[in-house]
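# Structural description and commentary
Now for the letters of each chain:
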Amino acid sequence: MAETASFIIYGIKNCDTVKKARRWLEENGVNARFHDYRADGLDDALIQTLVDKQGWEALLNTRGTTWRKLDDAERTACNNADAAKALMLAHPAVIKRPFLLAASGESLLGFKPESYAQFVAEVK
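Residues numbered from 1 in each chain as written. Predicted model: local features only at pLDDT ≥ 70, side-chain atom pairs only at ≥ 80, totals over all residues. Heavy atoms only, no water.

### Some details on the overall build of the chain
Tallying secondary structure elements over the chain gives seven helices and four strands in all. In sequence order, the chain lays out its α and β elements as β-α-β-α-α-α-α-α-β-β-α. Relative to its length of 124 residues, the chain is compact, with a C-alpha radius of gyration of 15 Å against a globular reference of 14 Å. Viewed in the frame of its principal axes, the chain has a C-alpha envelope of about 50 × 25 × 25 Å. Out of the 124 residues belonging to the chain, those deemed buried represent 41%. In the chain, 64% of the contacts between residues at least 6 apart in sequence involve partners at least 24 apart. By element, 46% of the accessible surface of the chain is carried by carbon and sulfur atoms, the whole surface being about 7,200 Å². Positive and negative side-chain charges of the chain, numbering 17 and 17 respectively, have mean locations separated by a distance of 6 Å. (Helix = DSSP H or I, 4+ residues; strand = E, 2+ residues; numbered from the N terminus. Rg over C-alpha atoms; globule rule 2.2 N^0.38 Å. Buried < 20%, exposed > 50% of the residue type's maximum accessible area, 1.4 Å probe, protein only. Contact = heavy atoms within 4.5 Å. Areas by Shrake-Rupley, 256 points an atom, 1.4 Å probe, with all protein chains shown as cover. Lys, Arg positive; Asp, Glu negative; His and termini not counted. Charge placed at Lys NZ, Arg CZ, Asp CG, Glu CD.)

Written out as structure tokens, the structure is:
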């Protein structure tokens, strides 16, 4: 019987930070399943889970290329949870990544090796 993943790491496979996080998990023997927003899908339920765990403001990557490419009207309209969720569904690359979700329900946004080490140790 296959072992169930202790964590799910959400992101986009060609993102350098996601690659670093996935490599760290593998090198540290952490059982994690990868969910690519583009390949594996993104729907209202998943977006709501992410927002519930971290808040829409934290999830919205306003420093990335995708955000900068949006027109002023789209950026200005993104001023509440519903608008942010709609924008994230339309443009998954605007979601800050990686998003690490533990089987226990706890989550961590972004990647720093020391943060991952502490998070993994605390939730295992």
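### Focus: the packing of helix α1 (residues 16–27) against helix α7 (residues 113–123)
Between α1 and α7, whose axes approach to 11 Å, the crossing angle comes to 45 degrees. Comparing the axis directions of α1 and α7 gives the class oblique. For α1 against α7, the interelement crossing comes out right-handed. In this structure, α1 contributes A21, W24 and L25 to the contact, and α7 contributes P113, Y116, A117 and V120. Counted by class, the contact of α1 with α7 contains seven nonpolar, no polar and no charged residues. (Axes fitted to C-alpha atoms, helices over the stretch in contact; angles between N-to-C directions. Parallel < 35°, antiparallel > 145°, perpendicular 65-115°, else oblique. Left-handed = near helix turned anticlockwise from the far one by under 90°. Nonpolar A, V, L, I, M, F, W, Y, C, P; charged D, E, K, R; others polar.)

### Re unusual backbone geometry
Cis rather than trans, the peptide bond between R97 and P98 has omega equal to -5 degrees. Of note, P98 is situated in the loop between α6 (81–90) and β3 (99–102).

### Regarding the packing of helix α2 (residues 44–54) against α6
Look at α2 against α6: their axes get within 10 Å of each other, and the N-to-C directions meet at 125 degrees. Viewed along their axes, α2 and α6 adopt a mutual orientation that is oblique. In the crossing of α2 with α6, the sense of the turn from one axis to the other is right-handed. Touching D44, I47, Q48 and V51 of α2 are K85, M88 and L89, all from α6. Across the contact of α2 with α6, the residue classes tally to four nonpolar, one polar and two charged.

### Considering the pairing of β3
Remember that side chains alternate between the two faces of the sheet whenever the strand is regular. Where burial is concerned, the two faces of β3 agree: the one with F99 and L101 and the one with L100 and A102 are both buried. Of the pairings in the sheet, the one linking strand β1 (residues 7–11) to β3 comprises four bridges and is antiparallel in character. Looking at β3, one finds that I9 is bridged to L100. Pairing geometry for β3 and strand β4 (residues 107–109), over three bridges, is antiparallel. Its bridge partner being in β4, L101 is matched across the sheet by S107. The loop that links β3 with its antiparallel partner β4 comprises four residues; one of these, G105, has a positive phi angle of about 100 degrees. (Pairing = 2+ DSSP bridges.)

### Thoughts on the pairing of strand β2 (residues 32–36)
Where β1 lies against β2, five bridges are found, and the strand directions are parallel. Bridge pairing in β2 places Y10 opposite H35. Handedness of the crossover joining β1 and β2 through α1 is recorded here as right-handed. (Right-handed = clockwise from strand over helix to strand, strands pointing away.)

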